[in-house]
Amino acid sequence: FAICAKQLPGACIAIAGKTYLQVQNIILQQMEAVFRQHDLTEYSKENPKGQYVLFKAPPPHFRKPHNPPKNYDNVISFVKGAYGLMVSADRPITMRGANWDVRLLDESGTVSEDFVNTTDPSIRANKRRYHDTRRGRLSYNHPLHWAALDFTSMPRKPSGQWIFKTEENMKKD
């Protein structure tokens, strides 16, 4: 998430998990440790050089996102304008019509394939905005833009076996 926020300024990054509780209590806790590894600190009056804020509108000096959210209750905003929107797999219908630049899904083996099929069409924001700056690849999309990234351990239930389709699709694409 920290790398996406740095390399895709102004992007909307969906941070998905099985429930909001999982996203807020487990994923966010681990993300904050990663933020520290990237020298990212939380903005506050005591720390005006902080690079992100949690669950509130960003301060005026933060760059504006390309498509800002109307509500910041489930949002992590970064100084370069990227933001992470917390998404719950137990309510996939609430994400219909969304537009994301990247989708990160934690413990994907615990969520339904229906959630992925319902929400992945939302990975469509900001077409042609982010270019791959590596030599010889200027006409290509940035490798993180429009990425659907799943993180999981082996599924414990048959309902999680759909994750192996991801590997098959990767070989085709």
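The residue count restarts for each chain, going from 1 along the sequence in the order it is written. Under the rules for a predicted model, residues below a pLDDT of 70 receive no local features and side-chain atom pairs below 80 are neither given nor counted, while totals for whole chains, interfaces and linings still include all residues. With hydrogens and water excluded, all non-hydrogen atoms of the structure serve as input to the side-chain values.

Give me the pattern of salt bridges: which residues, what numbers.
Should a side-chain nitrogen of Lys or Arg be within 4 Å of a carboxyl oxygen of Asp or Glu, the pair is scored as a salt bridge. On inspection of all chains with the given rule, the structure shows 5 salt bridges. Ionic pairing is found between lysine 165 and glutamate 113, a salt bridge with its closest N-O pair at 2.8 Å. Taken as a pair, lysine 165 in helix 4 (residues 163-172) and glutamate 113 in helix 3 (residues 113-119) lie far apart in primary sequence, 52 residues in all. The buried label applies to any residue whose accessible area, calculated with a 1.4 Å probe on protein chains only, is under 20% of its type's maximum; exposed applies above 50%, and partly exposed to all values in between. For lysine 165, a relative accessible area of 41% puts it in the partly exposed group. With a relative accessible area of 26%, glutamate 113 lands in the partly exposed category. Where salt bridges share partners, they join Arg103, Asp120 and Asp150 into one cluster. Numbering goes from the N terminus for both helices and strands, where a helix is a DSSP run of H or I of at least four residues and a strand is a run of E of at least two.

An account of the nonpolar core is needed here, citing residue identities and associated values.
Working definition of a nonpolar core: buried Ala, Val, Leu, Ile, Met, Phe, Trp, Tyr and Cys residues. They are joined through side-chain atoms within 4.5 Å. Counting residues in hydrophobic clusters, the biggest one holds 26 residues, and the most contacted among them are Phe1, Ile13, Met31, Phe35, Ile76 and Phe78. Contributions of two or more residues to this core are made by helix 1 (2-7), strand 1 (12-17), helix 2 (20-37), strand 2 (52-54), strand 3 (75-78) and strand 5 (102-106). By residue number, the principal contributor to this core is helix 2, which donates 6 residues. In what follows, residue pairs with any heavy atoms lying within 4.5 Å of each other are defined as contacts. Residues within four places of phenylalanine 1 in sequence aside, it is in contact with Ile13, Ile15, Met31, Phe35, Ile76, Phe78, Tyr83, Gly84 and Leu104.

With reference to specific residues and values, describe helix 2.
Multiply 1.5 Å by the residue count of a helix minus one, and that product is the helix's expected span. Taking 1.5 Å per residue as the helical rise, helix 2 with its 18 residues ought to reach 26 Å, and the 25 Å between its terminal C-alpha atoms agrees with that figure. What the bend at a residue measures is the angle between two axes, fitted to the seven residues ending there and to the seven starting there. By the largest-angle criterion, leucine 28 marks the main kink of helix 2, which is about 35 degrees. All of the buried residues along helix 2 are Tyr20, Gln22, Val23, Ile27, Leu28, Met31 and Phe35. In this fold, the buried residues of helix 2 make contact with helix 1, strand 1, strand 2, strand 3, strand 4 (83-88) and strand 5. One or two positions beyond helix 2, positive phi appears at aspartate 39, with a value near 60 degrees.

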